[in-house]
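# Examination of the molecular architecture
Chain by chain, the residues:
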Amino acid sequence: MVICETEDEVQKYWDQLLEGGMALMELGSYSWSPKYGWVQDKYGVTWQLFLGEKTSEQKIIPTLMFIHQNNGKAKEAMELYTKTFPNSNIGNILTYGAGSEGHDSPEPADNVQHAHFVIDNYSLFCMDNSYDHQFDFNEGISLVVMTDDQQQTDHYWNTFTADGGRESMCGWLKDKYGMSWQIVPKRLIQLMNDADREKAYKVVQAMMKMQKIIIQDLEDAYNS
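Residues numbered from 1 in each chain as written. Predicted model: local features only at pLDDT ≥ 70, side-chain atom pairs only at ≥ 80, totals over all residues. Heavy atoms only, no water.

On to the overall build of the protein, then. Helix and strand counts for the protein come out as six helices and 12 strands. Considering only C-alpha atoms, the protein reaches an extent of 65 × 40 × 30 Å along its principal axes. Residue burial in the protein is summarised as follows: out of 224 residues, 40% are buried. For the protein, long-range pairs separated by at least 24 residues make up 56% of all intrachain contacts whose partners lie at least 6 apart in sequence. For the protein, the exposed surface amounts to about 12,500 Å²; the carbon and sulfur share of it is 49%. The positive charge centre, built from 18 side chains, and the negative charge centre, built from 33, are 7 Å apart in the protein. (Helix = DSSP H or I, 4+ residues; strand = E, 2+ residues; numbered from the N terminus. Buried < 20%, exposed > 50% of the residue type's maximum accessible area, 1.4 Å probe, protein only. Contact = heavy atoms within 4.5 Å. Areas by Shrake-Rupley, 256 points an atom, 1.4 Å probe, with all protein chains shown as cover. Lys, Arg positive; Asp, Glu negative; His and termini not counted. Charge placed at Lys NZ, Arg CZ, Asp CG, Glu CD.)

The structure is reproduced here in structure tokens:
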């Protein structure tokens, strides 16, 4: 989601992103914005261009759509994410049934039409949708969490692999909704970028064999 301040700004991004791409929702006036459009660029990345007030200082806000088996789980996911990270909170939530006595949407009234939440001072949006889209969460998009130590690394890894999450390799995992995360100790980046390229290569080789990143094992590889 790109929050724009003027109609000209929306139009500029639309024209550039549409080149070689395709419109998913035509640029126009909608109930939630006087100028809005949803476009897939030539690389397959989707963008929502939105004229409206900022809910944070971020101009570009990742937006998670909970569909297929996850439809109806947006609130649950927000609660998990905001409980897992410090400096987090759930902001405004608009449900499909909010503000209307005659709810005629195919979506359940309690499903999230749009919501804003913050994890560790970083803004995200989310929504539920019952349409049978030809896409879902996959490794093409991931959120990277930079950790200070092994305790933080273990905390995020264990939280997100629990209750149906799945471990992958090199610090990658999927949480129970299928959202991909990379749990990356800052020490890994430091060692991989060490001036001694031979030692840095040993660290990379050790990392490639890991699922969860174990900092001490990286240190041991570096010093071997």
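Picking up after the structure, the text goes on.
Turning our attention to the sheet that holds strand S6 (residues 89–95). The strand order across the open sheet built from four strands is S5-S8-S7-S6, with neighbouring strands paired in mixed fashion. Of all strands in the sheet, those with a lone pairing partner are strand S5 (63–66) and S6, marking the two edges. Each adjacent strand pair in this sheet contributes to an overall mean axis angle of 20°, direction not counted. Here S6 pairs with strand S7 (residues 112–119) via five bridges, running antiparallel. Its bridge partner being in S7, Thr95 is matched across the sheet by Val112. Strands S5, S6, S7 and strand S8 (122–128) of the sheet are contacted by helix H2 (residues 74–84), whose axis makes an angle of about 5° with S7. (Pairing = 2+ DSSP bridges. Axes fitted to C-alpha atoms, helices over the stretch in contact; angles between N-to-C directions.)

Take the packing of helix H5 (residues 197–208) against helix H6 (residues 215–223) next. Put simply, H5 and H6 touch, their axes get as near as 8 Å, and they point 140° apart. By the angle between their axes, H5 is oblique relative to H6. In this structure, H5 meets H6 at a crossing whose hand is right-handed. Across the interface between the two elements, Lys199, Lys202, Val203, Ala206 and Met207 from H5 touch Leu218, Ala221, Tyr222 and Asn223 from H6. (Parallel < 35°, antiparallel > 145°, perpendicular 65-115°, else oblique. Left-handed = near helix turned anticlockwise from the far one by under 90°.)

Ile215, Leu218, Glu219, Ala221 and Tyr222 are the residues of H6 that are buried. One side of H6 holds all its buried residues, which, seen down the axis, span an arc of 160°. (Arc of directions from axis to C-beta.)

Moving on: the environment of Thr46. Summarising the element assignment, Thr46 is placed in strand S4 (residues 46–51). Considered as a pair, Thr46 and Met1 are 45 residues apart in the sequence and their alpha carbons are 8.9 Å apart. Non-local contacts of Thr46, meaning those with residues more than four positions away in its chain, are made with Leu24, Trp38, Val39 and Gln40.

Okay, the environment of Trp38 next. With respect to the helices, strands and loops of the structure, Trp38 is situated in strand S3 (residues 33–40). Under the relative-accessibility criterion, Trp38 is labelled buried at 13%. Considering only alpha carbons, one finds Trp38 and Glu26, 12 residues apart in sequence, at a separation of 6.7 Å.

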